[in-house]
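Survey of secondary and tertiary structure
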Amino acid sequence: MSQRTIDDERQMTGAPLDAESAVLLAESAKATAAADGHHEADDKQVGASIRRYGGADRVTGTQQFVSDLRFTDAAQVTLVTLPVARATITGIDTARARAMPGVLAVVSAADLPEPMPRFGVSHQDRPVLADGEVIYHGEPVVAVVAETLDQAQAAAREVTVSYEERPGVFTLDQALAPDAPLVRDPSHRPEDDEHRHTNVLETALYEWGDVVRAADEADVIVENTYTFPMVTHFPIEPGGSVVVPTDSGGVDVYSPVQHPYLLQRTIAKVLGIALGQVRVVAPDPGGGFGGKQNPKLEPLIAFLALRLRRPCRLVLSLEQTFQMMRRAACRVHARTGFSDDGELVFHHLECDYLIGAYADVAPRVMAKGSYVGAGPYRIPNVRTSSRAVMSNTTPSTAFRGFGCPQVAWATESQIDAGARALGLNGLDIRRRNLVRKGEAFFRGPYEATADGHWHQSLEKAAELIGWDEPLPANRGRGIAVAIKPGATSGLSQSLVRFLADGSAIAYAGTSDMGQGARTLWQQIVADELGTPLELVRVVSGDTGIVPFDLQTSASRSTVFMGNAVLEACRDIRRRVLALYSEETGVDEESLSEEPGFLRTPDGPMPLLEASRVALGALGGEFVGQGTSRMRGRKGHPLGGDAAFYEFNCTAIEVEVDMETGELLLHKHVSVSDVGRELNPTQVISQDEGASIMGLGHSQMEQLLIDEHGVIRNLGALDYRIPTFKDVPLDLRTHGIENHDGPGPYGSKGISEGALLCTSGALGAAVNEAIGTVVRDLPLTPERVWTAMQEAKAAGA
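Residues numbered from 1 in each chain as written. Predicted model: local features only at pLDDT ≥ 70, side-chain atom pairs only at ≥ 80, totals over all residues. Heavy atoms only, no water.

It is worth spelling out the overall build of the protein at this point. Regarding its fold elements, the protein presents 21 helices and 30 strands. Since a compact globule built from 796 residues should have a radius of gyration of about 28 Å, the 28 Å found for the protein is in line with a globular shape. Once the C-alpha set of the protein is aligned to its principal axes, its extents read approximately 85 × 75 × 50 Å. With 796 residues in all, the protein has 60% of them scored as buried. For the protein, the proportion of contacts with a sequence separation of at least 24, taken over those separated by at least 6, is 79%. As displayed, the protein offers around 29,900 Å² of accessible surface, 49% of which is attributable to carbon and sulfur atoms. The averaged location of the 104 negative side-chain charges in the protein is 3 Å from the averaged location of its 73 positive side-chain charges. (Helix = DSSP H or I, 4+ residues; strand = E, 2+ residues; numbered from the N terminus. Rg over C-alpha atoms; globule rule 2.2 N^0.38 Å. Buried < 20%, exposed > 50% of the residue type's maximum accessible area, 1.4 Å probe, protein only. Contact = heavy atoms within 4.5 Å. Areas by Shrake-Rupley, 256 points an atom, 1.4 Å probe, with all protein chains shown as cover. Lys, Arg positive; Asp, Glu negative; His and termini not counted. Charge placed at Lys NZ, Arg CZ, Asp CG, Glu CD.)

So, on to the pattern of salt bridges. All told, the structure shown has 41 salt bridges when counted by the stated rule. For Arg166, the salt bridge identified is with Glu133, shortest N-O distance 3.1 Å. Of the two residues, Arg166 sits in the loop between β8 (160–165) and α7 (172–176) while Glu133 sits in strand β6 (residues 133–134), which places them 33 residues apart along the sequence. On the basis of relative accessible area, Arg166 is assigned to the partly exposed category, the value being 27%. A salt bridge links Lys748 to Asp673, with the shortest nitrogen-to-oxygen separation between them at 2.5 Å. Remark: Asp673 occurs in strand β29 (residues 663–675) and Lys748 occurs in the loop between β30 (730–737) and α20 (758–770); sequence separation between them is 75 residues. Of the residues examined, Asp673 reaches a relative accessible area of 2% and is grouped as buried. Within the structure, one salt-bridge network assembled from shared partners comprises Lys437, Asp451, Asp673, Asp740 and Lys748. (Salt bridge = Lys/Arg side-chain N within 4 Å of Asp/Glu carboxyl O.)

This part is about the sheet that holds β8. One open sheet holds the 3 strands; their spatial order is β6-β2-β8, and the pairing between them is antiparallel. Strands at the two margins of the open sheet, each flanked by one partner only, are β6 and β8. In this sheet, β8 lies alongside strand β2 (residues 87–93) in antiparallel orientation, the contact comprising 6 bridges. Along β8, the bridge assignment pairs Ile92 with Val161. (Pairing = 2+ DSSP bridges.)

This structure, assessed with the given rule, holds 0 disulfides. No disulfide involves Cys330; its sulfur sits 5.5 Å from that of Cys351, the nearest cysteine. Judged by relative accessible area, which is 3%, Cys330 ranks as buried. (Disulfide = S-S within 2.5 Å.)

Now for the environment of Arg556. By secondary structure assignment, the location of Arg556 is in the loop between β23 (536–539) and α17 (557–584). The exposure class assigned to Arg556 is buried, which follows from its relative accessible area of 6%. Distance from Arg556 to Gly486, taken between C-alpha atoms, is 6.7 Å for residues 70 residues apart in sequence. If we ignore the near neighbours within four places in the chain, the residues touching Arg556 are Ala487, Ser489, Gly490, Leu550, Gln551, Met561 and Phe644. A distance of 3.0 Å separates the side chain of Arg556 from the backbone oxygen of Ser489, its partner in a polar contact. (Polar contact = N/O pair within 3.5 Å; in protein donor to acceptor, adjacent residues only side chain to side chain.)

Two elements in contact, helix α16 (residues 517–529) and α17, have axes whose closest approach is 10 Å; the angle formed by their N-to-C orientations is 25 degrees. In terms of axis orientation, α16 runs roughly parallel to α17. Where α16 crosses over α17, the two elements pack in a sense that is right-handed. Facing α16, whose interface residues are Leu520, Trp521, Ile524, Val525, Glu528 and Leu529, α17 presents Ser557, Thr558, Met561, Gly562, Val565, Leu566, Cys569, Arg570, Ile572 and Arg573. Tallied by class, residues from the contact of α16 with α17 come to 10 nonpolar, 3 polar and 3 charged. (Axes fitted to C-alpha atoms, helices over the stretch in contact; angles between N-to-C directions. Parallel < 35°, antiparallel > 145°, perpendicular 65-115°, else oblique. Left-handed = near helix turned anticlockwise from the far one by under 90°. Nonpolar A, V, L, I, M, F, W, Y, C, P; charged D, E, K, R; others polar.)

Turning our attention to the pairing of strand β28 (residues 645–656). Taken residue by residue, a regular strand's side chains alternate between the two faces of the sheet. Taking burial as the measure, the 12 residues of β28 include 11 buried ones, the bulk of the element. Two elements, strand β20 (residues 475–485) and β28, share 11 bridges in a ladder whose sense is antiparallel. Within β28, the position partnered with Ala482 by the bridge is Asn648. Connecting β28 to the next strand, β29, in antiparallel fashion are 6 residues, including Gly661 with a positive phi near 80 degrees.

Once that is clear, we can look at the confidence of the model for the protein. Regions with low pLDDT carry predicted coordinates that are not meant to be interpreted in detail. For the protein, mean pLDDT is 93; residues scoring 70 or higher make up 95% of the total. Contacts for the low-pLDDT stretch residues 1–41, under 50 throughout, to residues beyond four places or in other chains number 55 contacts. (pLDDT = per-residue confidence, 0-100.)

So, about the sheet that holds β30. Judged by pairing direction, the sheet is mixed, and its 4 strands sit side by side in the order β20-β28-β29-β30 without closing on themselves. Both outer strands of the open sheet, β20 and β30, are each paired with one neighbouring strand and no more. Taking each pair of neighbouring strands and ignoring which way they run, the sheet shows an average axis angle of 15 degrees. As defined by bridge partners, β28 adjoins β29 across 9 bridges and the pair is classed as antiparallel.

With respect to the element layout, Cys312 can be found in strand β14 (residues 312–315). Here Cys312 falls in the buried class, since its relative accessible area comes to 0%. Separated by 68 residues in sequence, Cys312 and Val244 place their C-alpha atoms 6.7 Å apart. Leave out the neighbours within four places in its chain, and Cys312 touches Ala75, Val77, Val145, Ser241, Val242, Val243, Ile301, Leu304 and Ala305.

Right, let's get into the nonpolar core. Core analysis: the largest hydrophobic core is formed by 148 residues, its most contacted members being Val77, Leu304, Phe441, Trp454, Ile479 and Leu663. Of all the elements, helix α13 (residues 404–422) adds the most residues to this core, at 8 residues. Other than its neighbours up to four places away in sequence, Leu304 contacts Val77, Val107, Ala143, Val145 and Cys312. (Core = buried A, V, L, I, M, F, W, Y, C linked by side-chain atoms within 4.5 Å.)

Structure follows, in structure tokens:
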């Protein structure tokens, strides 16, 4: 009932509900239902706007992040880096540093195993510590360990590193030049690697039809180049870790990592010890956005802890965090053909991702992002050719959207370019080309089809933005769509304990980094076992306690871990039924179970009451186990079919200051295909957060690099992100619910959709307002103003 009431409210007004309003509405709906005698609906937690599990701790400052944890006898670690991006290390003098008060160790590559241990997700290329050279600005050369942080930092200033700066490559043009310095020595690449003498790490090609032949059949062809900047994740909680050596020769690792089990595997491999000797404790991250998925400095801290036989602690500054992770920049050359009635005839993309110094997961970002590069459209001829290009810059990694926003910026802008050439508007041309449910948007042996009624999102966004309403002067309106593949394989396991007093404990390895995962598990357990919400506790983030979970990424948690938790609860109900039969002698065939109840020949019995009867005088508890497993598909370019697709339509109305180029967003609408909203307030929060993050890379965010490869705008003072002053005057989100997802109760993953096509919608709106096109992001006032002046000069 509460869920329907909230949806009704949305449908009537199209307005977003803040958390407080949503909760009040839900409570009001419950009261109404109770008065009407609808007790069953009144009890449901799934679909209601439940307050976030642990939310009070977050907003009151009592949440314990890694840097808040206290360890007896912990030594403090600081790092020594070079003021250049690429250099050969010719000498390291640590004598003065070692003699400083409180210093416990000064460690360089010479103090680590030979050859230098390396690790990585797609390539084992990242050294634990710089080994003879640095290849990006901020790469650690020396680690100083001392009793206090002040002592460690003072000693670090006494370390002298001699080096010879070498030419680096910091842009795509530099990295792809025929005589470009190579980021990776060819001797470190396989001999059969055709790209080993270039900076191209990997490539991807997706193709169907014949774009060359189709070009002869197109009535209109548009051809342009688009650029997307390198941006940083900017989590509020910076990176860091604490490693505690154990008596058995292992380590306990405390890290705000998104994938605790991946970190466990990496540490065990680098140290050469068993998995069982590595325990990873992952307190809830203070924001991750993909940047905390993969190990970075944890292996180094583990070596230090084992060397000193005492806990070692490293907490990065925000500036250092900038140097550990970023989103890949991208340049896309696009050529697109249309028929004279606005149907897409062909789409040809050449995408170059600037990925940085080490591979991390960047090749997969390139492959997955460009897989859907042609968008959710009906196109008979497509060729998408992509390259992951190494550079002497911060290693890029996963970032919300996983490579899709970069290419969507180009494709959506091309759709609008075609519309302008044909005299159509942005809505009409998308209506003609957007696929219907079940229709293929990716063709060939690994065909992918629409898994939702995506036209509903398009039409709802057009309605909420007021697409047909007249525009005041200096304003423009844009609309765009995009998709992102969900996880293509996965494994999540969960245990749920149903205790004798009706309380329950769910064990789930998903990292709750603000998306509200724990809240969803709480809601599912409450409904499935019929226990009060407040009696459900969720345990996560500890490989020594919780079952295996592959990862927290790709908006997969609701689908994969949600199904595992759901299955664990159903396992408990089946166990209650079996033991109840055994205890009472009632034939199992005459019993059945359903959420919250055991059905007996005498009628439904609350599950708690049935469990007490079943347990009898010995008491005890029931333990359920749930597994959600999705295997990959051999030969598939992504390793498997996507479990679901995130589809979003964004529409923006913007006003441009013609004197300064500044943008004022009057309306911003985001409509996502959500399957089912398990917690409407959390869906709204995710969509609003993603929308605002999308405005960051669209309007203001970019890392600036000087001629030495040094990042010029490290830190919050010089790197602009959206604040509340930048939020659109009217920000609306809406979820399309058809209960057609693979997750619990028909849900889909939704955490990334709202930023996929922000740039396309904003770019189209700005174009309409100023009458000229800007193809380079971000759309800063300077860039918009310059475009206006150039257009004016060309017209003159």
